[in-house]
Amino acid sequence: MGGSDATRAIPEVTGVEQAKQALGARLRELRKEARLSGARLADLAGWQPSKVSKIEHGRQVPTEQDLADWCQLTKSELALPDLVATVRNVNAAYLEWKRVVAGGHARRQRQSIELEGVTRLVRGFDPLIPTGLLQTRAYAEAILRRCIDFVGGADDLAEAVEARMQRQRVLREGVHKFHFLIGEPALYTGVGDDAVRIEQLEHLLELMDLTRLVLGVVPKTAEFLYTVTNFVMYDRRRVHVETATAQLTITQPGELAYYDRVFAALTERAVYADNAGALIATAISG
């Protein structure tokens, strides 16, 4: 793969996956130090033989009881507190959407208000739609309607839309700064009817006048970087990544550094100001 150094060494697994693999490697060390085979450990614990292999290779997250049994059988009880803390962090980092929206989609929007309110620099990329802070009311309503129908949870559409609109006050208040990138295909994604899409694009042109907001478009002709999904970075403290089934919260410094590099590489590929406006205008007229 070509490109600058900023495009290389991007990890093929998420921070959650790496944490699971690291946990498995540590447990494998404890088993080997106790001179137990995987089959013998499984037999002593009353598990299926494949369970030990799945845990050690990061394909299965052990329960806290699994960890207690593992440490007891390998005579490594002193390691148990750290192992329990690790597995709790893994479980907390990966939140299934049904859990995220269990209290309603509006509640999730209000949580974003709190997070964005204490963040000085918000950066984000989305290949398919403008991020929530940039959406018009009609566009947000169409997006949230689809989310509620797809993910489930409380059908609190009106309240969720209003909360998303309240979030956008941060664009004009305080000392926050924003740098958002969208893929050129996002200018053509069907959301609502065509009038909704065009209104959204015209809104993006208006937002480009905000001094605290930098808005770039990554052209569809840009050089391939890596398989990159949507993500939002809050200062250099945490990153949120949305998948089809869950929201990942990444706080590990090493992983945060990779997202910095990804964003820098996308920035190099993006166009801004008049060039970005021209792409948006073309999408409006087309």
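Use the structure listed above.
Below you will find a few notes about this structure. Computed from a prediction, not measured in an experiment: that's the story for all the values here. (Residues numbered from 1 in each chain as written. Predicted model: local features only at pLDDT ≥ 70, side-chain atom pairs only at ≥ 80, totals over all residues. Heavy atoms only, no water.)

1. With respect to the overall build of the protein
(1) Moving on: Looking only at helices and strands, the protein features twelve helices and seven strands.
(2) Moving on: Going through the 286 residues of the protein one by one, you find that 47% of them count as buried.
(3) Moving on: Excluding contacts between residues fewer than 6 apart, the proportion of contacts in the protein whose partners are at least 24 apart in sequence is 76%. (Helix = DSSP H or I, 4+ residues; strand = E, 2+ residues; numbered from the N terminus. Buried < 20%, exposed > 50% of the residue type's maximum accessible area, 1.4 Å probe, protein only. Contact = heavy atoms within 4.5 Å.)

2. What about the pattern of salt bridges?
(1) Moving on: Inspection of the entire model under this criterion finds 15 salt bridges.
(2) Moving on: A salt bridge links R88 to E64, with the shortest nitrogen-to-oxygen separation between them at 2.7 Å. Placement of the pair is R88 in helix 5 (residues 80–93) and E64 in helix 4 (residues 64–73), with a sequence separation of 24 residues.
(3) Moving on: Take R88: its relative accessible area is 49%, and that puts it in the partly exposed class.
(4) Moving on: Each of R123, R236 and D260 takes part in a single network of salt bridges with overlapping partners. (Salt bridge = Lys/Arg side-chain N within 4 Å of Asp/Glu carboxyl O.)

3. As for the packing of aromatic side chains
(1) Moving on: Evaluation of the coordinates by the stated rule reveals five aromatic pairs.
(2) Moving on: Their ring planes at 40 degrees and their centres at 6.1 Å tell us that W47 and W70 sit as a pair that is tilted. Pair noted here: W47 is in the loop between helix 2 (38–45) and helix 3 (49–56) and W70 is in helix 4, with a separation of 23 residues, a long-range link.
(3) Moving on: Here F231 and Y259 contribute two aromatic rings whose centre-to-centre distance is 5.2 Å and whose plane-to-plane angle is 65 degrees, an arrangement assigned as edge-to-face. Residue F231 is located in strand 5 (residues 231–234), and its partner Y259 is located in helix 11 (residues 253–269); the two are separated by 28 residues in the primary sequence. Taken as a pair, F231 and Y259 share a single burial class, namely buried.
(4) Moving on: Here a set of aromatic residues connected by ring pairs shows up, and it is made of F125, F231, Y259 and F263.
(5) Moving on: For the cation-ring pair, K51 lies above W47, with the distance from its terminal atom to the ring centre recorded as 4.4 Å.
(6) Moving on: Positioned above the aromatic ring of F263 is the side chain of R123, whose terminal nitrogen or guanidinium carbon lies 5.5 Å from the ring centre. (Phe/Tyr/Trp six-rings, centres within 6.5 Å; stacked < 30°, edge-to-face > 60°. Lys NZ or Arg CZ within 6 Å of the ring centre and 35° of its normal.)

4. Let's talk about empty space enclosed by the protein
(1) Moving on: Considering all chains together, one arrives at one cavity of 30 Å³ or more under this definition.
(2) Moving on: Here the largest cavity is characterised by a volume of approximately 30 Å³.
(3) Moving on: R123, M233, D235, R236, R237, R238, V239, L256 and D260 are the residues that line the largest cavity.
(4) Moving on: For the lining of the largest cavity, the secondary-structure elements that each account for two or more residues are strand 6 (238–242) and helix 11. (1 Å grid on protein atoms, 1.4 Å probe; cavity = no way out; pocket = protein on both sides within 12 Å on 5 of 7 lines; lining within 4 Å. Points joined across faces, edges and corners; volume = space filled by probe spheres on them.)

5. Quick notes on unusual backbone geometry
Comment: phi is negative for the bulk of residues other than glycine, and the bulk of peptide bonds are trans.
(1) Moving on: Positive phi, close to 60 degrees, is recorded for R35, a residue that is not glycine.
(2) Moving on: Tracing the backbone through its elements, the reader meets R35 in the loop between helix 1 (15–33) and helix 2.
(3) Moving on: When its relative accessible area of 78% is taken as the criterion, R35 is described as exposed.
(4) Moving on: With a phi close to 50 degrees, A273 is a non-glycine residue in the positive phi region.
(5) Moving on: Mapped onto the fold, A273 is located in helix 12 (residues 273–285).

6. Quick look at the side chain of H203
(1) Moving on: Tracing the backbone through its elements, the reader meets H203 in helix 10 (residues 194–207).
(2) Moving on: When near neighbours in sequence (up to four residues on either side) are disregarded, H203 contacts L134, Q135 and T136.

These values are about where atoms sit, not about what they do.
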